[in-house]
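# Structure at a glance
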Amino acid sequence: MAACPAHNNTRNHIDQPTINFQANNETQNPSRQRHSHNQQPDQKLPVPMDRMAKLASERAVVVFTASNCSMGDVVASLLNSLGVNAAVHDLDRDPRGQEMERELASRLGAGAGGRGSPAVPAVFVGGHLVGGTSRVMALHLAGELVPMLKSAGALWL
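Just so we're clear, the structure is a prediction, and the values are computed from it rather than from any experiment. (Residues numbered from 1 in each chain as written. Predicted model: local features only at pLDDT ≥ 70, side-chain atom pairs only at ≥ 80, totals over all residues. Heavy atoms only, no water.)

## Observations concerning the pattern of salt bridges
Counted by the stated rule, this structure contains 4 salt bridges. Put simply, D94 and R51 hold a salt bridge, and the shortest N to O gap is 2.6 Å. Here R51 lies in helix 1 (residues 48–56) and D94 lies in the loop between strand 4 (87–90) and helix 3 (97–108), a separation of 43 residues in the sequence. The exposure classification of D94 matches that of R51, with both residues buried. Between E99 and R96 there is a salt bridge, with its nearest N and O atoms 3.1 Å apart. With relative accessibility at 29%, the residue E99 sits in the partly exposed group. (Salt bridge = Lys/Arg side-chain N within 4 Å of Asp/Glu carboxyl O. Helix = DSSP H or I, 4+ residues; strand = E, 2+ residues; numbered from the N terminus. Buried < 20%, exposed > 50% of the residue type's maximum accessible area, 1.4 Å probe, protein only.)

Laid out in structure tokens, this is it:
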């Protein structure tokens, strides 16, 4: 689970569509922190898409990754260097993490044998699934990431 093959993937997925999840416009939490979700086993958890939509809308920028994913750290560092206070969720620490990772893999076009994008890291901006490391880096290099972050309310300048 969450093996993070991202560093082995060199394909660029600029044409990949975004997926819309509703985002709230609440004030950003001033501290970037990783979230793990150790919920009680007797609690009924929502289905993966509902749970992802809820988590993806908690801040203007949300990163789903794995605790051992170095590319997730790279994306989080890039966002942090731009002044973004992203919420980072480690799927390998979430009771429904495997299900959410499978859903992300299908949305990102991850396939068997290393085809397509890896499921993690997956970056949501303004409730929209933007993509993984390659997509975020391509947007940054093209000068499109900062305007997207500003539009989502993740940057104030």
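## Observations concerning unusual backbone geometry
In this structure, the amide linkage connecting V120 to the following residue, P121, adopts the cis form with an omega of 0°. Here P121 lies in the loop between helix 3 and strand 5 (122–125).

## A short note on the environment of S70
You can see S70 is positioned in helix 2 (residues 70–81). We classify S70 as partly exposed; its relative accessible area is 39%. Separated by 51 residues in the primary sequence, S70 and P121 place their C-alpha atoms 9.2 Å from one another.

## As for the pairing of strand 4
The side-chain alternation of strand 4 yields two buried faces, one formed by A87 and H89 and the other by V88 and D90. Here strand 3 (residues 61–65) runs beside strand 4; their pairing, made up of 4 bridges, is parallel. What sits directly across from V63, in strand 4, is V88. Crossover connection from strand 3 via helix 2 to parallel strand 4: handedness right-handed. (Pairing = 2+ DSSP bridges. Right-handed = clockwise from strand over helix to strand, strands pointing away.)

Nothing here speaks to function; it is all geometry.
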